[in-house]
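# Geometric and topological summary
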Amino acid sequence: MNVQDPNVQRDYIPISDHGLIGNLRTAALISTDGSVESYCIPNFDSPSVFARILDKYKGGHFSSPQTVPFTTKQKLSAELQCLTNEVRYLSFGGMSSRGTIPLRVECAPAFNYARDKHTTEIIPDDSVEYCKQHKVLFNSDSLNLDLRFVAESTLENVSTPEVKLDLLDLSEERPPWPSDVLQPLAGGRSACDESTDELGVPLERLLAGAKLRPKDDPFLTKQLLDNLFVATNSYWNSWIRKSTYQGSWKEAVHRSALALKLLIYEPTGAVVASPTFSLPEYIGGTRNWDYRYVSSVSGGPVKLRVDLSRASWIRDSSFTLYALIRLGFTQEANAYMDFIFERLKNKNPDGSLQIMYTIHGGKDLEEIELTHLDGHKGSKPVRIGNGAADHVQLDIYGELMDCIYLGQKFGRPLVRSVPSMTGAELTSYETVVRHVGLSAGTTASAFRWPSVRWLTSFSQSSSETAMNPIYPYGQEVRNKKRHFTYSKIMLWVAIDRGMCGVFHSLPFGVCLFYTSPGLRLADKRSLPCPRRNEWLAARDNLYEEIMHKAWNPTLQSFGQSYEETDVLDSSVLIMPLVFFMTPSDPRFVSTLKQIMKTPERGGLTSNNLVYRYDVNKSDDGVGGEEGTFCLCTLWCVEALTRAGAYERPLLQRATAMFEDFLLYSNHLGLCTEEISESGDGLGNAVQGFTHVTLISAAYNLSRTLADMK
């Protein structure tokens, strides 16, 4: 029993010891002791109001510090898709307490990442009619919030608690700033004890029917809160029932699906990489990024020097789409595709795309270091924004085209009927092309095939000798320019799925090429592909180049880059997952087995967990240590699964590795970005691409095991 002593000063709660709640606009991390540790209002990428997980003194929190020894339990049952925190109060002998217990709730907001001052007022609460009750107003330059409450006793023979609001000076515990306390005391009369018995109508029903307040600011009643709870639980239960998954590890898959749903920004369909920012990949280290944005496209490891979690990464898109489609959530998949195609309509002046966007589709991701925050357990600096948003990372185009290919293969076609300026429907290919950009009423779907045909991108011609600033997926490199194997593979995917064309030379060895219907897309939808032979030749030439320049004949493995084939990088495990090569290919199997060795033997696997690469051998320009990558571990599971269809022992290893990995998820089935040597969660949580690849690995492993019986 984990008994907590209220007399001991509260320290940082481990990253994994948190649950997640959200409303498809933003999300909050809730610690196992019931504290709101991270919360940005009103959207995922808005400034934080509570961020105690990044600074236990100045970050801000909403919590319930106890006054007697206690234990807590946080759970999310299969029947009740709502997070609950249970608190059990103990006597000093360790037995359950009976009698009167004072409860205290602290609300200490820290607006705009704890950079803005605010004032606090306790005023009458006009949202509760006929009651002498007060509320707390927090006013800052950027945001105003209020704190209201409903006092209720759910136990017979226990009266409604009396609630007292006070300002509390916490300067002895931390640097001073205004904070507030909601302190219910057991026993006594209700602060709101007016009755409407003479009217014959309950107070709650009378107030609900009055309709005297705005819809978004209703009267606060017990009935309202009960209705909100029931509606919330009903929504999530109804949503998860739409899942079509029938394979093994169903509970873990559904928990991952729920986590992924919580990361969707519903107004635009964007999916954030994570709702948190700047949580460390190594305690005390400097690899602390912001993931609150939208990737431009795939599912590889992301480690750029910025606050990236709350962004939408283009590179995550194909894996995200695959996971949603495989589970039957086509509505979310189609909304995500709409978001992606909107980005194609708003390319950079040179025709390129960014590697990530805000959840609203914006491009402004300025990177800032918050030097006034201490960071989680002293892990500095704390970063927001993303200075790498304008980096050239060519792999995103392969990931984008794979995303488009999956979307049209399993979802809506690229072209559908849309209204024209005259109100008539546009159904033909030529008509849609002719009206692109002209009809104000045309939907995003109308632009899909023209967007794919004329999508522009940066690449490097295989005939060029100059080096591009190609940054690998999941790694930031600032000190060198290298031909990274992962980027080359994804360029092959781009040509194979939908991108190839006429090259035009630009400075620095970079070539701009305009794309036309891709090979697989053209075949799938019988679309015109006049340059088919030329594109096939370009794709095959790139394949030969990778097989020749990325292969190390001495180590019998593919290297991280053409220049450093002696450095292992687990991102090459993507090869069979994107059908670059068959999983039974001797070169791939040899690379896989090399990665599966321990670091002491030259591999990247420790305790069935996989590192992205050896930071001591590969200088990525960032410095510092890091843990094993959850995404790379799950890619390894899927690679073993596919190779195991031809070599049975590898399938057994895949099963063992996957089941071991599930043990590292937390008490709610949530996953972080990385895992330390001691088994602790590291990096931003909850990590979207970890849950996406978990779904994919479970789906393919379960299907392969069933086929092998």
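Residues numbered from 1 in each chain as written. Predicted model: local features only at pLDDT ≥ 70, side-chain atom pairs only at ≥ 80, totals over all residues. Heavy atoms only, no water.

## With respect to the overall build of the chain
- Per the secondary structure count, the chain includes 17 helices and 34 strands.
- Taken across its 709 residues, the chain has 57% of its residues classed as buried.
- Nonlocal contacts in the chain, meaning residues at least 24 apart in sequence, comprise 63% of its contacts between residues at least 6 apart.
- Element-wise, carbon and sulfur atoms account for 51% of the exposed surface of the chain, whose accessible area totals about 29600 Å². (Helix = DSSP H or I, 4+ residues; strand = E, 2+ residues; numbered from the N terminus. Buried < 20%, exposed > 50% of the residue type's maximum accessible area, 1.4 Å probe, protein only. Contact = heavy atoms within 4.5 Å. Areas by Shrake-Rupley, 256 points an atom, 1.4 Å probe, with all protein chains shown as cover.)

## Points about the side chain of Ser570
- Relative to the elements of secondary structure, Ser570 occurs in the loop between strand E29 (557-558) and helix H13 (574-577).
- From its side chain, Ser570 meets the backbone oxygen of Tyr611 in a polar contact 3.0 Å long.
- Sequence-distant contacts of Ser570, defined by excluding residues within four places in its chain, comprise Ile595, Leu604, Val610, Tyr611, Arg612, Cys632 and Trp635. (Polar contact = N/O pair within 3.5 Å; in protein donor to acceptor, adjacent residues only side chain to side chain.)

## Comments concerning the sheet that holds strand E10 (residues 134-140)
- Strands sit in the order E9-E10-E11 across an open sheet of three strands; the sheet is antiparallel. Every interior strand has two partners, whereas the edge strands, strand E9 (118-124) and strand E11 (144-147), have only one. Along the sheet, successive strands turn relative to each other by an average axial angle of 20 degrees, direction set aside.
- Taken together, the four bridges between E10 and E11 define a ladder with antiparallel strand orientation. Within E11, the residue paired with Asn139 across the bridge is Asn144. (Pairing = 2+ DSSP bridges. Axes fitted to C-alpha atoms, helices over the stretch in contact; angles between N-to-C directions.)

## Looking at the sheet that holds strand E32 (residues 628-629)
- If you trace the three strands from one edge of the open sheet to the other, you get E32-E33-E34, paired in antiparallel fashion. At either margin of the open sheet sits one strand with a lone partner, and together these are E32 and strand E34 (681-685).
- Judged from the two bridges that link them, E32 and strand E33 (residues 672-675) form a sheet pairing that is antiparallel. Across the sheet, residue Thr628 finds its bridge partner in E33, namely Ile675.

## Comments concerning the packing of helix H10 (residues 485-497) against helix H12 (residues 532-549)
- Orientation of H10 relative to H12, taken along the N-to-C sense of each, is 160 degrees, at an axis distance of 9 Å. Accordingly, the angle class assigned to the pair H10 and H12 is roughly antiparallel. The two elements H10 and H12 cross, and the hand of that crossing is left-handed. On H12, the residues that touch Thr485, Lys488, Ile489, Leu491, Trp492, Ile495 and Asp496 of H10 are Trp535, Ala538, Arg539, Leu542, Tyr543, Glu545 and Ile546. (Parallel < 35°, antiparallel > 145°, perpendicular 65-115°, else oblique. Left-handed = near helix turned anticlockwise from the far one by under 90°.)

## Remarks on the pattern of salt bridges
- According to the stated counting rule, one finds 26 salt bridges in the structure shown.
- The shortest N-O distance in the salt bridge between Arg612 and Asp569 comes to 2.4 Å. Placement of Arg612 in the loop between strand E31 (609-610) and E32 and of Asp569 in the loop between E29 and H13 is noted, with a sequence separation of 43 residues between them.
- A relative accessible area of 0% places Arg612 in the buried class.
- For Glu638, the salt bridge goes to Arg642, with nearest N and O atoms at 2.8 Å. Of the two residues, Glu638 and Arg642 both sit in helix H15 (residues 630-644), four residues apart, roughly one turn of that helix. For the pair shown, Glu638 and Arg642 are each scored as buried. (Salt bridge = Lys/Arg side-chain N within 4 Å of Asp/Glu carboxyl O.)

## Some details on the pairing of strand E8 (residues 105-108)
- What you see with E8 is no split at all: Val105 and Cys107 on one side and Glu106 and Ala108 on the other are buried throughout.
- Pairing analysis gives three bridges linking strand E5 (residues 61-63) to E8, with the strands arranged antiparallel. In the sheet register, Ser63 faces E8, and the bridge partner there is Glu106.

## Overview of unusual backbone geometry
- At the junction of Ile41 and Pro42, the peptide bond is cis and its omega measures out at 5 degrees in the coordinates.
- For the bond from Ala685 to Val686, the omega torsion is -5 degrees, close enough to zero to count as cis.
- Assignment of secondary structure puts Val686 in the loop between E34 and helix H17 (688-708).
- One non-glycine residue, Lys377, lies in positive phi territory at about 55 degrees.
- Secondary-structure assignment places Lys377 in the loop between strand E21 (368-369) and strand E22 (383-384).

## A few points about the state of the cysteines
- With the rule as written, the count across this model stands at zero disulfides.
- Cys671 takes part in no disulfide bond, and the closest cysteine sulfur, belonging to Cys630, lies 6.2 Å away.
- On the basis of relative accessible area, Cys671 is assigned to the buried category, the value being 4%. (Disulfide = S-S within 2.5 Å.)

## A look at the nonpolar core
- In terms of nonpolar packing, the biggest core is built from 116 residues, with Phe580, Leu592 and Phe658 touching the most fellow members.
- Sort the elements by how many residues they give to this core and H15 lands first, with 10 residues.
- Sequence-distant contacts of Leu592, defined by excluding residues within four places in its chain, comprise Leu573, Cys636, Ala639, Leu640 and Ala643.
- Within the second largest apolar cluster, 15 residues are counted, among which are Cys107, Phe111, Phe138 and Phe149. (Core = buried A, V, L, I, M, F, W, Y, C linked by side-chain atoms within 4.5 Å.)

## Quick notes on the packing of helix H16 (residues 648-662) against H17
- For the pair H16 and H17, interaxial distance at closest approach is 11 Å and the crossing angle is 140 degrees. It follows from the interaxial angle that H16 and H17 lie oblique. The two elements H16 and H17 meet at a crossing, and its hand is left-handed. Contact with H16, carried on its side by Arg648, Leu651, Ala654, Thr655, Phe658, Phe661 and Leu662, involves Thr690, Leu694, Ala697, Ala698, Leu701, Thr704, Leu705 and Met708 of H17 and no other residues of that element.
- Class assignment for the residues of the contact of H16 with H17 results in 11 nonpolar, three polar and one charged. (Nonpolar A, V, L, I, M, F, W, Y, C, P; charged D, E, K, R; others polar.)

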